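What follows is the residue order along each chain.
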Amino acid sequence: SEAFVKLHEKGLVYRGEYMVNWAPLLKTAVSDLEVEYTDEMGKLYYFKYTVEGSDEFLPVATTRPETIFGDTAVCVHPEDERFKHLIGKSVVVPMGGGRSIPVIADEYVDMEFGTGALKITPGHDPNDYALGKKYDLPIINIMNKDGSMNANAGDYDGLDRFECRDKLWDDMMKEELVIEVKPHKQRVPRSQRGGEIIEPMVSSQWFVKTEGMGAKALQAVKSGDIKIVPQRFDKIWYNWLEDIHDWCVSRQLWWGHRIPVWYIGESGEEEYVVARNDDEAREKAIEMGYDKDVVLRQEEDVLDTWFSSGLWPFATVGWPQNEGVENSDFSRFYPGTCLETGYDIIFFWVARMVMMGLELTGESPFSVIYLHGLVRAADGTKMSKTKGNVIDPLDTVAQYGADSLRYSLVTGVTPGQDIPLNMDKIQANRNFANKLWNCCKFVTGNALKDVDEESLAEIAVTGPITQEEFDTLSLPERYIVSKCHTLVAAVTADIENYSLGAAGSKVYEFLWDQYADWYIEISKTRIYEGQGGGGEVESKAARRVLVYVLDTSLRLLHPYMPYITERLWHHLPRAAAGEEQAAHSLMLADWPQMDDGTPLVTSEAAVDQFECFQALTRSIRNARAEYNVEPGKRISAVVIASGKMLEELEKEKLSLVFLARLDPDQVSIFEAGSDEAKAATAVESVQVVVRDGVEAYLPLSGLIDPVKERKRLE
């Protein structure tokens with residue numbers, strides 16, 4: 001009520017008789033945005049308009065013969081030589097009881113379409129309505145609110161509009177007023193809600209003037225006060241707001257906010273007051289000179305749903321009562337930062353929120369409009385019960401989990417693009433959730449098994465790893481921490497730039513490809529005595545890094561998979577909750593990088609060196625596969641390197657042995673060019689070149705089983 005009253009006080013609300021989109025099934029007016037146009041095959045009906053007092057006729061074509069009863073003129077082009085001589089004369093309305101209408105001329109008429117003569121029905125066609133206003137033609141309404149014909153249709157009174165069409169055409173054929181009927185493809189307006197064909201109709205409705213409000217919303221985007229993501233929707237925003245029409249906000253429905261207008265007297269709608277409530281309405285009526293007992297009748301129409309929801313950004317935080325009140329929800333939360341919604345309601349809702357916000361509060365309701373696409377079937381088509389391709393989200397959650405569905409939707413989105421929902425992808429992301437669970441299970445159930453409380457407290461994540469601690473770590477630890485910190489920076493930047501899909505995918509790739517496949521495996525050589533580990537310093541460092549990287553990854557992944565990340569985070573060693581924290585929850589924990597001005601520690605050298613180690617491991621694995629070496633068989637190897645790489649490989653010999661399935665007693669690492677290297681490479685071997693200065697030699701005697709090879713050759 002407050003919004004409607006304020007807009008009325010500003011002179012932006014008025015009641016008038018205008019052409020509206022009428023939905024006969026719902027028996028209500030609907031906005032232009034609630035009308036969907038579909039290309040459908042119909043008919044083009046050609047008939048005669050007999051010139052009054054003559055045997056001559058004017059050929060006219062229409063797709064809706066039933067509207068003939070509402071015709072108030074026939075229009076031709078002023079330069080059309082065929083009809084120039086008829087301009088100013090009158091023609092008789094077919095089956096109209098002898099009623100005649102004028103022949104007028106206007107350049108609006110397309111001489112090439114139909115017959116070149118256009119019937120003008122101001123009461124049931126928006127273009128004809130404009131011409132009717134231009135030439136001051138009478139407006140005849142021929143239909144009731146349910147789409148049936150009224151008394152102005154004469155003998156056809158009470159017939160449904162489509163029944164009338166058929167009966168009228170049959171009667172016109174009997175009177176020899178019909179010329180022909182041709183198939184015709186046309187754009188048919190249908191109600192988005194009810195699906196029935198919309199009937200343009202002149203009706204008394206409540207309107208909001210939008211020219212000034214639209215200009216403010218247009219300027220908000222042009223000036224950068226509001227940013228639309230993706231930017232290509234700027235042009236669509238401009239086009240709509242530059243050609244905006246007054247907004248019909250009254251609806252003839254049983255639900256909604258009732259329009260705060262009270263008509264004065266027991267009948268009639270000429271005198272009314274706009275007020276916030278009954279008492280205020282009576283006060284205003286008395287101020288107008290009416291008796292205090294005057295009858296007041298509130299308007300039965302309700303406000304358009306989008307008028308009500310256009311108030312959402314500020315009405316939900318206490319407008320208007322908290323406007324100007326310090327520390328109120330309104331002062332703290334309005335305006336908002338980012339609105340996330342589908343591109344299909346950019347005009348229904350988003351533009352209305354911006355217009356209302358600017359007009360009623362003086363501020364844009366948000367600074368960013370993030371438009372996502374629509375969820376579609378896997379092949380990109382619209383989900384439809386008829387096609388049988390509708391995916392019930394509740395069934396999907398029951399089968400794959402809420403996190404898998406959420407992650408699939410968010411990472412599958414590109415701003416403004418539709419999202420094909422592929423069940424294989426959801427299943428793959430369910431497997432990712434299982435992988436995440438197993439990673440945490442390894443860390444808590446194996447790596448941290450039997451670790452005392454004091455040591456767990458030391459391992460707990462209280463903030464980013466410092467340069468000092470980083471420098472004490474071995475190569476694999478420095479590598480995984482560097483990659484983790486690089487990931488934090490990339491994900492943070494992507495989220496801030498609204499590249500939400502890319503950010504979520506990067507966390508997936510890191511956890512699966514780097515953390516699980518490489519570092520967890522290498523950590524076993526630090527923690528387990530059976531793998532050559534067990535040393536206090538290296539096992540403590542490995543546990544610390546395992547927890548740190550997993551904790552950081554869970555924080556990054558939490559917006560995408562909130563349930564599993566919250567559950568797993570509570571199993572990790574973690575710092576005590578802050579005094580101001582409402583709950584000790586991952587949802588309330590710090591983002592991994594809180595200070596954008598201080599980059600997290602990384603080492604390009606460590607990344608380069610470990611990637612060389614990875615390449616060496618893969619090369620040996622590939623050679624094993626090429627020579628069909630049994631998975632359980634350990635082979636010998638000679639690795640040649642130099643400089644810092646030689647030093648790091650010697651330190652990570654156990655990791656290489658473990659990952660490449662080598663025989664620890666038959667692995668040698670020599671400096672390039674040394675006598676040992678020359679002697680070792682003289683043995684008949686398979687040479688594997690990793691990069692310049694790093695290569696491996698795998699003796700054939702370890703790769704080939706002589707017995708099996710002899711049988712193969714025989």
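Described in the following lines is the structure provided in the data block.

Definitions and limits used
- Residues numbered from 1 in each chain as written.
- Predicted model: local features only at pLDDT ≥ 70, side-chain atom pairs only at ≥ 80, totals over all residues.
- Heavy atoms only, no water.
- Helix = DSSP H or I, 4+ residues; strand = E, 2+ residues; numbered from the N terminus.
- Rg over C-alpha atoms; globule rule 2.2 N^0.38 Å.
- Buried < 20%, exposed > 50% of the residue type's maximum accessible area, 1.4 Å probe, protein only.
- Contact = heavy atoms within 4.5 Å.
- Areas by Shrake-Rupley, 256 points an atom, 1.4 Å probe, with all protein chains shown as cover.
- Lys, Arg positive; Asp, Glu negative; His and termini not counted.
- Charge placed at Lys NZ, Arg CZ, Asp CG, Glu CD.
- Pairing = 2+ DSSP bridges.
- Axes fitted to C-alpha atoms, helices over the stretch in contact; angles between N-to-C directions.
- Parallel < 35°, antiparallel > 145°, perpendicular 65-115°, else oblique.
- Nonpolar A, V, L, I, M, F, W, Y, C, P; charged D, E, K, R; others polar.
- Right-handed = clockwise from strand over helix to strand, strands pointing away.
- Polar contact = N/O pair within 3.5 Å; in protein donor to acceptor, adjacent residues only side chain to side chain.
- Core = buried A, V, L, I, M, F, W, Y, C linked by side-chain atoms within 4.5 Å.
- Expected span 1.5 Å × (residues − 1).
- Arc of directions from axis to C-beta.
- Left-handed = near helix turned anticlockwise from the far one by under 90°.
- Phe/Tyr/Trp six-rings, centres within 6.5 Å; stacked < 30°, edge-to-face > 60°.
- Lys NZ or Arg CZ within 6 Å of the ring centre and 35° of its normal.

Topic: the overall build of the protein chain
Regarding its fold elements, the protein chain presents 25 helices and 25 strands. In terms of overall dimensions, the protein chain is more spread out than a globule: its C-alpha atoms have a radius of gyration of 39 Å, far above the 27 Å expected for 714 residues. Within the span of the protein chain, comprising 714 residues, buried residues form 48% of the whole. Of all intrachain contacts in the protein chain linking residues separated by at least 6 positions in sequence, the fraction that spans at least 24 positions is 72%. Accessible surface computed for the protein chain: about 35300 Å², of which carbon and sulfur atoms make up 49%. If you average the places of the 75 positive and of the 115 negative side-chain charges in the protein chain, the two averages end up 5 Å apart.

Here we look at the sheet that holds strand 16 (residues 296–298)
Read across the open sheet, the three strands follow the order 15-14-16; overall the sheet is antiparallel. Strand pairing shows two members of the sheet lacking a second neighbour, strand 15 (272–274) and strand 16, which therefore form its edges. The mean inter-strand angle of the sheet, taken between neighbouring strand axes irrespective of direction, is 30 degrees. Two elements, strand 14 (residues 261–264) and strand 15, share three bridges in a ladder whose sense is antiparallel. Across the sheet, the residue bridging to Trp-262 is Val-273, located in strand 15. Across the sheet, helix 6 (residues 278–287) touches strand 14, strand 15 and strand 16, and the angle it forms with strand 15 is around 130 degrees.

A word on the packing of helix 5 (residues 233–242) against helix 10 (residues 346–361)
Interhelical geometry of helix 5 versus helix 10 gives an angle of 75 degrees and a closest axis separation of 12 Å. Classified by the angle between their axes, helix 5 and helix 10 sit roughly perpendicular to one another. Packed against helix 5, whose contacting residues are Phe-233, Ile-236, Trp-237, Trp-240 and Leu-241, the element helix 10 presents Ile-346, Phe-347, Val-350, Ala-351, Arg-352, Val-354 and Met-355 at the interface. Partitioning the contact of helix 5 with helix 10 into residue classes produces eleven nonpolar, no polar and one charged.

Comments concerning the pairing of strand 18 (residues 338–342)
Where strand 18 meets strand 19 (residues 368–372), five bridges bridge the pair, whose relative direction is parallel. By the bridge assignment, Leu-339 is partnered in strand 19 with Ile-369. With respect to chirality, the unit in which strand 18 leads through helix 10 into the neighbouring parallel strand 19 is right-handed.

Considerations on the side chain of Gln-514
Here Gln-514 lies in helix 17 (residues 500–527). Gln-514 sits in the buried class, given a relative accessible area of 16%. At 2.5 Å, the side chain of Gln-514 forms a polar contact with the side chain of Tyr-479.

Quick notes on the environment of Met-594
Its place among the elements puts Met-594 in the loop between helix 19 (562–569) and helix 20 (604–626). With 131 residues separating them along the chain, Met-594 and Gly-463 place their C-alpha atoms 9.5 Å apart.

Observations concerning the nonpolar core
Core analysis: the largest hydrophobic core is formed by 87 residues, its most contacted members being Val-443, Ile-480, Tyr-515, Leu-546, Leu-557, Leu-662 and Leu-698. Here this core gets eleven residues from one element, more than from any other, and that element is helix 17. Not counting the four nearest positions on each side in its chain, Tyr-515 is found in contact with Cys-439, Val-443, Ile-480, Phe-510, Ile-520, Leu-546, Val-549 and Leu-550. Among the nonpolar cores identified, the runner-up in size contains 53 residues, and Val-13, Tyr-263, Val-274 and Met-355 belong to it.

Looking at the sheet that holds strand 25 (residues 694–699)
As summarised here, the arrangement of the four strands in space is 23-22-25-24, forming an open sheet in which the pairing is mixed. Looking at which strands have only one partner, the edges of the open sheet turn out to be strand 23 (662–671) and strand 24 (685–691). The sheet shows a mean angle of 20 degrees between the axes of neighbouring strands, taken without regard to direction. Where strand 22 (residues 635–641) lies against strand 25, three bridges are found, and the strand directions are antiparallel. Bridge pairing in strand 25 places Ile-640 opposite Glu-695. The strands that helix 21 (residues 643–651) touches are strand 22, strand 23 and strand 25; relative to strand 23, the one it contacts most, it runs at about 160 degrees.

Digging into the environment of Ala-577
Examined against the element boundaries, Ala-577 turns out to sit in the loop between helix 19 and helix 20. Taking relative accessible area as the criterion, Ala-577 reaches 36% and is therefore assigned partly exposed.

Section: helix 4 (residues 211–222)
Each α-helix turn comprises 3.6 residues. Residues three or four places apart therefore point the same way. Taking 1.5 Å of rise per residue, the twelve residues of helix 4 would be expected to cover 16 Å, and the 16 Å separating its terminal C-alpha atoms lies within 8% of that figure. Listed in full, the buried residues belonging to helix 4 are Met-213, Gly-214, Ala-217, Leu-218, Ala-220 and Val-221. Down the axis of helix 4, the sector holding all buried residues measures 155 degrees, keeping them to one side. Along its buried surface, helix 4 packs onto strand 10 (199–208), strand 11 (227–229), helix 5 and helix 10.

Things to note about the packing of helix 13 (residues 423–447) against helix 17
Packed helices, taken two at a time, are described by the angle their axes make and the gap between the axes. One way to put it is that helix 13 packs onto helix 17 with a least axis distance of 11 Å and a crossing angle of 25 degrees. By the angle between their axes, helix 13 is roughly parallel relative to helix 17. When you trace helix 13 past helix 17, the crossing you get is left-handed. Facing helix 13, whose interface residues are Ala-428, Asn-429, Asn-431, Phe-432, Lys-435, Leu-436, Cys-439, Phe-442, Val-443 and Ala-447, helix 17 presents Tyr-508, Leu-511, Trp-512, Tyr-515, Ala-516, Asp-517, Ile-520, Ser-523, Lys-524 and Ile-527.

Regarding the packing of aromatic side chains
One pass over the full model with this rule turns up 28 aromatic pairs. The ring of Trp-247 has Arg-352 sitting right over it, with the charged end atom 4.1 Å from the ring centre.

What about the environment of His-184?
Along the chain, His-184 falls in strand 9 (residues 178–191). His-184 gets classed as buried once you look at its relative accessible area, which sits at 19%. Measuring from C-alpha to C-alpha, the distance between His-184 and Pro-476 comes to 72 Å, with 292 residues separating the pair along the chain. In contact with His-184, not counting residues within four places along its chain, are Glu-40, Met-41, Gly-42, Lys-43, Leu-44, Thr-63 and Phe-113.

Note that all results are geometric; they support no functional claim without further evidence.
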